[in-house]
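Listed below are the residues making up each chain.
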Amino acid sequence: MSLKTIIYSSFLTGLLSCINFLTDVSTVKSEIIQNLEKFKLNETIINSNQDIFTQDFGENIVTNESLNQEFAQQDDETPNKDEENWPSPIEDDEIFWFLLVDQLEYRGSDSKDFFRWDIEGWVGGDYERIWLKTEGEVAFAKDDGGEAEIQLLYGYLIAPFWDLQVGLRYDRIYGSEDDRGRAFAVIGLEGLAPDLYEVDTALFISENGDLSARFQVEQELLITQKLILQPRFEINVAAQKVENFGIGSGVNDIELGLRLRYEINRNYAPYLGINWIRLVGETENLARKDGESVDNFSVVGGIRMLF
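In the annotation of an unreviewed UniProt entry, the protein is listed under the name Copper resistance protein CopB and assigned to Aphanothece sacrum FPU1.

Below is the structure:
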């Protein structure tokens, strides 16, 4: 056998093998398709998935509709049931109170040493309050005596942070040889001005018809959250001369104070400072006539309390 004959024989054998393989694959594929069509497996699978999807979706819809109906039914029944169990309403006219001991201090000067207080407080609501104010001083020397003032006022909120106050004031001057007092009608205004100036001003009409007024302003300057500087200014004026109480007409006195306090907490704050009072005008003349000091500079130390 020649070499050409061998090559041609091998090529024909490989060609026939490929044809047989392709024929077998087509046959198997045809059989599978025929079986699927025979038993309708495709339709079964598709229908099964559709049934499952439809069933689950339908159940969800039914479930949600049921829940909505239950909620609606509960809403219809809830008001009557809850109304019986409602808590008590919150009162909007609750009574509050406030007490500020602004000055409780020792005042030392060249002439006299005093113990002084300046206290105010109120009780009431947001619009109506009963105010109590008192201030005064007592000399440490037994013969020097002292003086005290107390005010009982009704306050009504006329603007944010501003109270209109009306009421009564009573003054008392006492000592070893001197003891007298007088009452006033009071109309005043107290509140917080722009830039946080605390203003307290009042007009006084004495039991004898004497007219006088007072203007007081102070501010709190925060050096730190606990260290606070408090400047204060006060002026008193009178329309008539009341010699029995050492009051002349016009400006009676001017007072300047500067206190530095340290707040241990919001309730308690010890402080140190200085205070200067100057009598002026006709009041100064009356004081000189009685041999009293007209210019009093003092060093102060005390505690401020807030409740």
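After presenting the structure, the write-up continues.
**Q** Got a sec to walk through the pattern of salt bridges? Specific residues and values, please.
**A** Side-chain pairs of opposite charge can arise where the charged atoms are in close proximity. Using the criterion set out here, one finds 27 salt bridges in the structure. Across the pair R107 and E255 runs a salt bridge whose closest N-O atoms are separated by 3.3 Å. With a gap of 148 residues between them, R107 in strand β1 (residues 96–109) and E255 in strand β11 (residues 250–262) connect regions that are remote in the sequence. Accessibility assignment for this pair places R107 and E255 in one class, buried. For R172, the salt bridge identified is with D179, shortest N-O distance 3.0 Å.

**Q** Give a detailed account of helix α3 (residues 281–289), specifying residues and quantitative values.
**A** Looking at α3, one finds that the buried residues are T283, E284, L286 and A287. On an axial view of α3, the arc spanned by its buried residues comes to 160 degrees, and they lie on one face. The inward-facing, buried residues of α3 abut β11 and β12 (268–279). Note on α3: the residue one or two positions beyond its end, G291, has a positive phi of about 75 degrees.

**Q** I'd like a description of the layout of surface pockets, backed by residues and values.
**A** Approximately 940 Å³ is the volume found for the second largest pocket. Forming the boundary of the second largest pocket are 40 residues, of which F98, L100, E120, E190 and E198 lie nearest the centre. Its residues assigned to classes, the lining of the second largest pocket comprises 15 nonpolar, five polar and 20 charged.

**Q** I'd like a description of empty space enclosed by the protein, backed by residues and values.
**A** Inspection of the entire model under this criterion finds one cavity of 30 Å³ or more. As a volume, the largest cavity reaches approximately 40 Å³.

**Q** Can you break down the packing of aromatic side chains residue by residue, with the values?
**A** Scanning the model with the defined rule gives five aromatic pairs in all. Ring geometry for F98 and W122: centres 5.9 Å apart, planes at 25 degrees, overall stacked. With a gap of 24 residues between them, F98 in strand β1 and W122 in strand β2 (residues 113–124) connect regions that are remote in the sequence. Here F98 falls in the partly exposed class, since its relative accessible area comes to 24%. For W122, a relative accessible area of 14% translates into the label buried. On the numbers, 5.9 Å between centres and 80 degrees between planes, the contact of Y268 with F307 is edge-to-face. Note that Y268 is positioned in strand β12 and F307 in the segment after β13 (295–306), a separation of 39 residues in sequence.

**Q** Any details on the nonpolar core? Residues and values, ideally.
**A** Counting seven residues, the largest nonpolar core consists of W122, W131, L153, F184, V186, A202 and F204. Elements with a minimum of two residues in this core: β6 (179–193) and β7 (197–206). Residue contacts for W131: discarding those within four places in its chain leaves E120, G121, W122, Q151, L152, L153, G155, D163, Q165 and E190.

**Q** Tell me about the environment of I130, residues and numbers included.
**A** Position of I130 among the secondary structure elements: in strand β3 (residues 128–139). In this structure I130 comes out as partly exposed when scored by relative accessible area, which is 40%. Separated by 36 residues in the primary sequence, I130 and V166 have C-alpha atoms spaced 9.8 Å apart. I130 has contacts with G121, W122, V123, L152, L153 and Y154, leaving out every residue within four places of it along the chain.

**Q** Explain unusual backbone geometry to me, and be specific about the residues and the numbers.
**A** Of note, the phi angle at F161 is positive, near 75 degrees, even though the residue is not glycine. In this fold, F161 is placed in the loop between β4 (146–159) and β5 (162–174). With a relative accessible area of 62%, F161 lands in the exposed category. Phi at L196 is positive, roughly 65 degrees, even though this residue is not glycine. Of note, L196 is situated in the loop between β6 and β7.

**Q** Tell me about the pairing of β4, and please be specific about residues and values.
**A** Bridge analysis of β3 against β4 gives 11 bridges, and the strand direction is antiparallel. When the bridges of β4 are listed, L132 appears paired with L152. Here β3 folds back onto β4, and the loop between the two strands holds six residues, one of which, G145, carries a positive phi near 70 degrees. Relative to β5, β4 is paired through 13 bridges, and the arrangement is antiparallel.

The rules we used
- Residues numbered from 1 in each chain as written.
- Predicted model: local features only at pLDDT ≥ 70, side-chain atom pairs only at ≥ 80, totals over all residues.
- Heavy atoms only, no water.
- Salt bridge = Lys/Arg side-chain N within 4 Å of Asp/Glu carboxyl O.
- Helix = DSSP H or I, 4+ residues; strand = E, 2+ residues; numbered from the N terminus.
- Buried < 20%, exposed > 50% of the residue type's maximum accessible area, 1.4 Å probe, protein only.
- Arc of directions from axis to C-beta.
- Contact = heavy atoms within 4.5 Å.
- 1 Å grid on protein atoms, 1.4 Å probe; cavity = no way out; pocket = protein on both sides within 12 Å on 5 of 7 lines; lining within 4 Å.
- Points joined across faces, edges and corners; volume = space filled by probe spheres on them.
- Nonpolar A, V, L, I, M, F, W, Y, C, P; charged D, E, K, R; others polar.
- Phe/Tyr/Trp six-rings, centres within 6.5 Å; stacked < 30°, edge-to-face > 60°.
- Core = buried A, V, L, I, M, F, W, Y, C linked by side-chain atoms within 4.5 Å.
- Pairing = 2+ DSSP bridges.

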